[in-house]
Amino acid sequence: MSILTTAQDAEQETSTSYKKRVLESTEVDFLTSYYTQDGDNAAVTGGFGTEELTDFTPTIVVSVPLNDDDVLTIDAGISAYTSASSSNVDPFDGNGAANPFVASSGASRKDVLTTVSGNYSHSSDDRNDIWSANVALASEYDYFSIGFGGSYTRLFNEKNTEISLKANVFLDTWNAIYPSELRDQPTFIKFDDESRNSYSLGLGFSQILSKKLQGSLSVDIIQQEGLLSTPFQRVQFADVTDVIVQEFTLGDDIERLPDSRFKIAAGGRLHYYINETFAVRTFYRYYTDDWGVNSHTASIEIPIKISNKFTLYPSYRFYMQTAADYFESFNQHLSTQEFYTSDFDLSDFDANQYGFGVSYTDIFAKTHIWKFGLKSIDLRFRQYERNSGLKASLFSGGFNFEMD
């Protein structure tokens, strides 16, 4: 009897002391994307001009298990873009005649955004409580940002129910660059405060409704304060005589918007597993703010598992929004107004996005490159079209490796 009791106690002690690691080994993700767009409503030239832009964004994400419960994730990347639109901050520094539909050759035609962020997460022994803290830095020629925040997630009901709370703060600083023709005008008023602060709070709820159905709800609240205008975006007034130099209409002023903005977004997801081949993922979100912008977003994705390792991802996304109270198109604002913008991102528009992707997954990471085992490859393409004429294409790829 005593021998059996001792053996049972030892077995129970071993069972309770063992727990699965949150992350078994170091993982490295190599991500990249190439984005291109074009249109005729550039805000830099007052809502009339080329929106041609290309952007290349390589990123590396390293997740390191510090112990059984803690994971440190470092995310670093650059975004290198070339923009015909922003080149016209000074349209007269090129070789040809200034024209809103022709890129200038000045320094403002390209820039590089550098971002670095870190996230530390801790999971409780039963894996029902997860705390995390994060910090982020971003910098480019005329902009610097520091951000920090944290989150808490609680799982219960045998991990069928999940509630999460997250909060973030971003402290941004502009190095304001103004349109070339306005910089030396004695009547031109520059911004006296070039800072912008953003505060966000998010609440999420997720529930496994059945063996095949999972749903989630989320609410995000954002308060922004400070310089919310873009300093180099022009506005031309309808009650002021146009001044045209070469083929370019000079700006009468820059975009001026309120120094505060309150946003609320609420949405939900439903994921349904049909069978071993098909699943359906749906999403809806409603957004509103105190600038008069209201929007609806709806999307659907249908993963199609064609083998144990390959899955296809056709998708569709629809978006519509109302115009901000302060938006008018090229040469439509009045000089007597307090706030004004000709940025078509704040206009009334509908947009459609069509997507397709393919993924390769090998949970055993049999394919190796040096000391890294390849766990997955994800390749995506998305085509975006607005009824205002803007068109964009996004190619993206991700490679997930597990370190031996």
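Cut-offs applied
Residues numbered from 1 in each chain as written. Predicted model: local features only at pLDDT ≥ 70, side-chain atom pairs only at ≥ 80, totals over all residues. Heavy atoms only, no water. Phe/Tyr/Trp six-rings, centres within 6.5 Å; stacked < 30°, edge-to-face > 60°. Helix = DSSP H or I, 4+ residues; strand = E, 2+ residues; numbered from the N terminus. Buried < 20%, exposed > 50% of the residue type's maximum accessible area, 1.4 Å probe, protein only. Lys NZ or Arg CZ within 6 Å of the ring centre and 35° of its normal. Pairing = 2+ DSSP bridges. pLDDT = per-residue confidence, 0-100. Contact = heavy atoms within 4.5 Å. Salt bridge = Lys/Arg side-chain N within 4 Å of Asp/Glu carboxyl O.

Re the packing of aromatic side chains
- What the rule picks out here adds up to 17 aromatic pairs.
- Plain terms: the ring middles of Phe-30 and Phe-401 are 5.8 Å apart, the flat faces sit at 75 degrees to each other, and that makes the pair edge-to-face. Residue Phe-30 is found in strand β1 (residues 27-38), and its partner Phe-401 is found in strand β23 (residues 391-403); the two are separated by 371 residues along the sequence.
- For Phe-401, a relative accessible area of 8% translates into the label buried.
- Taken together, the ring pairs connect Phe-30, Phe-372 and Phe-401 into an aromatic cluster.
- Directly above the aromatic system of Phe-191 lies the positively charged group of Arg-256, at a separation of 5.4 Å from the ring centroid.
- The residue whose ring lies beneath Arg-386 is Phe-349, and the NZ or CZ to ring-centre distance is 4.1 Å.

Here's the deal with the pairing of strand β19 (residues 315-321)
- Sheet analysis places strand β16 (residues 294-301) next to β19, joined by seven bridges and oriented antiparallel. Of the residues in β19, the one forming a bridge with Glu-301 is Ser-315.
- Looking at chain direction, β19 and strand β20 (residues 349-361) are connected through seven bridges and run antiparallel. If you follow Tyr-319 over to β20, its bridge partner there is Ala-351.

Looking at the confidence of the model for the protein
- The share of residues in the protein with pLDDT of 70 or more is 95%, and the mean pLDDT across the chain is 92.
- Below a pLDDT of 50 lies the segment residues 1-16, which in the model reaches zero contacts outside its immediate sequence neighbourhood of four places, other chains included.

What about the pattern of salt bridges?
- One pass over the full model with this rule turns up 14 salt bridges.
- Here Asp-172 makes a salt bridge to Arg-196, at a shortest N to O gap of 3.3 Å. Of the two residues, Asp-172 is situated in strand β7 (residues 161-174) and Arg-196 in strand β8 (residues 195-208); the sequence distance between them amounts to 24 residues.
- Accessibility expressed as a relative area gives 16% for Arg-196, which makes it buried.
- Put simply, Arg-281, Glu-301, Asp-378 and Arg-380 are held in one network by salt bridges that share partners.

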